[in-house]
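Examination of the molecular architecture
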Amino acid sequence: MELFIVEIARYVIILIFGLYTFYSFRAFVGKNKERQNRVFAVQRTLTVLLHTVMSALLIMENMTFSYVLLWAAELVFYFVFIKVYQACYKGLSKLVLNNMMMCMMVGFVMLGRLSSDYAVHQIILAAAAMVVCLFVPLVIEKFTIWERLGWQYAIAGVLFLLLVFVIGVEKYGSRNWIRLAGITVQPSEFVKIFYVFFMSSLLAKSTKFKNVALITCAAAVHVVILVVEKDLGAALIYFITYIMVLYVATMNVAYLGAGLAGGAIAAVTAYRLFAHVRTRVYAWQDPWGTIQNEGYQVARSLFAIGTGGFIGMGLGKGLPSSVPVVESDFIFAAISEELGGVFAICLIMVYLSSYIMFVNIAMKMKKQFYKLTAFGLSVVFIFQVFLCVGGVTKFIPSTGVTLPLISYGGSSIMTTIIIFSIIQGMYVLNGREVEDNGEDEQRGGRKERKKKNRKRDTEKA
């Protein structure tokens with residue numbers, strides 16, 4: 001009977017998530033608010049339904065009351081923050097909120113499947129980040145100083161990154177963590193927000209060559225520090241984000257070409273100078289030939305993905321623990337193994353719909369600083385997804401980055417929630433400005449009509 005339920009549940013999970021993905025893109029069609037609200041309501045119903053089915057499978061698999069409590073805690077988290085966010089972010093993008101919550105709920109379930117401790121820790125940190133981010137709209141609206149602190153962001157970011165050389169600890173071969181009061185933090189995760197603010201602030205003021213050259217030098221300092229720390233994934237994210245933001249700010253193809261050429265030269269140089277870069281490349285080129293050493297992680301990931309096929313082995317029926325660091329860098333392999341390739345593709349599409357909405361929000365911003373910031377944060381987000389999925393599937397060498405909102409890691413999930421919230425805050429602020437301008441235009445129109453009526457009445461008299 002249990003095997004029958006698991007077999008049916010595999011198809012039910014794919015069907016529910018497939019429908020959710022369809023509605024993620026359906027939301028872009030048309031401008032009818034009532035129809036869009038129905039779409040968002042269906043998305044939320046599907047999220048709760050998917051979470052319930054997946055949690056029921058875990059409860060049946062483990063037969064412990066702790067998983068019932070975990071399921072209840074995750075539902076409380078979902079309903080509380082769905083309501084609270086809509087109250088604090090008046091006029092927010094419901095698609096962005098729904099996608100963020102859906103990804104987190106999938107992450108909670110997958111981490112709970114690996115270890116209930118992972119899920120509990122992730123829920124606590126996600127809740128803390130969500131509470132802090134409730135104040136983002138107020139902070140963005142009340143403090144206009146954010147767009148004037150260009151070089152201050154750069155200095156703060158560089159100093160924070162340099163802390164790893166003073167109080168840093170090494171994890172998974174990279175010295176890119178610091179320990180404060182028993183808490184391990186990855187500075188590069190938080191600094192990338194300051195990094196985007198730094199670029200956006202200075203490029204919004206001037207795109208003259210001298211200014212661009214200075215900003216490029218400061219950006220290069222960030223990237224070099226990350227390379228020395230062996231944090232290759234973060235270094236790539238920082239580099240690509242700068243190139244894309246610079247191009248959008250200047251619309252100069254020469255800058256884009258020079259940046260990509262410089263990146264290619266830097267990649268070759270890093271390959272020759274750093275052994276850890278060569279190790280990643282060897283593992284990518286031939287994971288089977290180096291399966292006993294460098295290629296073991298990638299090879300196990302490919303085994304897991306291949307075993308799962310299109311519909312997966314069923315939640316709780318795979319062997320995700322056979323993949324090293326599966327809870328963070330390689331959680332996409334666990335998802336593919338147990339939930340299937342179709343589910344994994346739908347997850348990528350949900351990420352893509354979030355990115356499209358981010359870019360739409362950036363395009364609607366009136367201030368250049370807000371426009372570049374929203375775009376820069378969107379590039380950080382989607383390029384991280386690309387690096388994680390690409391590394392797990394052997395499309396590119398593994399860079400050791402997490403899957404946003406799903407992978408285990410406090411720094412990662414807190415930073416991603418902050419990124420989503422900042423973009424939401426800018427969307428809300430822009431909506432208010434549009435409404436205010438519309439009201440001003442209406443008042444101006446009424447005044448003009450009154451003047452014309454008085455003039456007409458005077459002429460008749």
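Quick summary incoming for the structure in this document. These numbers were taken from a predicted model, which means no experiment stands behind them.

Calculation criteria
Residues numbered from 1 in each chain as written. Predicted model: local features only at pLDDT ≥ 70, side-chain atom pairs only at ≥ 80, totals over all residues. Heavy atoms only, no water. Helix = DSSP H or I, 4+ residues; strand = E, 2+ residues; numbered from the N terminus. Rg over C-alpha atoms; globule rule 2.2 N^0.38 Å. Buried < 20%, exposed > 50% of the residue type's maximum accessible area, 1.4 Å probe, protein only. Contact = heavy atoms within 4.5 Å. Areas by Shrake-Rupley, 256 points an atom, 1.4 Å probe, with all protein chains shown as cover. Axes fitted to C-alpha atoms, helices over the stretch in contact; angles between N-to-C directions. Parallel < 35°, antiparallel > 145°, perpendicular 65-115°, else oblique. Nonpolar A, V, L, I, M, F, W, Y, C, P; charged D, E, K, R; others polar. Polar contact = N/O pair within 3.5 Å; in protein donor to acceptor, adjacent residues only side chain to side chain. 1 Å grid on protein atoms, 1.4 Å probe; cavity = no way out; pocket = protein on both sides within 12 Å on 5 of 7 lines; lining within 4 Å. Points joined across faces, edges and corners; volume = space filled by probe spheres on them. Salt bridge = Lys/Arg side-chain N within 4 Å of Asp/Glu carboxyl O. Expected span 1.5 Å × (residues − 1).

On to the overall build of the chain. Helix and strand counts for the chain come out as 18 helices and three strands. Computed over its C-alpha atoms, the radius of gyration of the chain comes to 24 Å, within 12% of the 23 Å expected for a compact globule of 461 residues. With respect to the three principal axes, the spread of C-alpha positions in the chain is 95 × 60 × 40 Å. Counting the 461 residues in the chain, one finds 50% classified as buried. In the chain, of all internal contacts separated by at least 6 residues, the share reaching a separation of at least 24 is 73%. As displayed, the chain offers around 21,100 Å² of accessible surface, 67% of which is attributable to carbon and sulfur atoms.

On to the packing of helix H4 (residues 94-114) against helix H15 (residues 331-339), then. Between two packed helices, what matters for the description is the angle formed by their axes and the separation of those axes. In the contact formed by H4 and H15, the axes pass within 11 Å of each other and the chain directions differ by 85°. On the basis of the axis angle, H4 is roughly perpendicular to H15. For the pair H4 and H15, contact is made by Met 110, Leu 111 and Arg 113 and by Ile 331, Ala 334, Ile 335, Glu 338 and Leu 339, respectively. Classifying every residue of the contact of H4 with H15 by side-chain character gives six nonpolar, no polar and two charged.

A word on the side chain of Thr 21. With respect to the helices, strands and loops of the structure, Thr 21 is situated in helix H1 (residues 2-26). Exposure remark for Thr 21: the relative accessible area of 8% places this residue in the buried category. Apart from the residues lying within four places of it in its own chain, the contact partners of Thr 21 are Cys 346, Met 349 and Val 350.

Another point: the environment of Thr 21. Separated by 30 residues in the primary sequence, Thr 21 and His 51 have C-alpha atoms spaced 15 Å apart. At 2.8 Å, the side chain of Thr 21 forms a polar contact with the backbone oxygen of Phe 17.

Time to look at empty space enclosed by the protein. One pass over the full model with this rule turns up four cavities of 30 Å³ or more. Its boundaries defined by the atoms lining it, the largest cavity holds a volume of some 60 Å³. Put simply, the parts of the chain that give the lining of the largest cavity at least two residues each are helix H2 (33-62), helix H3 (65-88) and H4. In terms of residue count, the dominant contributor to the lining of the largest cavity is H3 (four residues). A breakdown of the residues in the lining of the largest cavity according to their chemical character gives seven nonpolar, two polar and one charged.

This brings us to the pattern of salt bridges. The tally for this structure, following the rule as stated, stands at six salt bridges. With a closest N to O distance of 3.2 Å, Lys 317 and Glu 61 form a salt bridge. Remark: Glu 61 occurs in helix H2 and Lys 317 occurs in the loop between helix H14 (296-308) and H15; sequence separation between them is 256 residues. Residue class for Lys 317 comes out partly exposed when judged on its relative accessible area of 27%. Note that Lys 367 and Glu 147 form a salt bridge whose closest N and O atoms lie 3.3 Å from each other.

For the rest of this paragraph, the subject is helix H17 (residues 368-392). The terminal C-alpha atoms of H17, which comprises 25 residues, lie 36 Å apart, in line with the 36 Å expected from a rise of 1.5 Å per residue. Across the 25 residues that make up H17, a large majority, 21, are buried. Backbone geometry just after H17 places Lys 394 at a positive phi near 65°.

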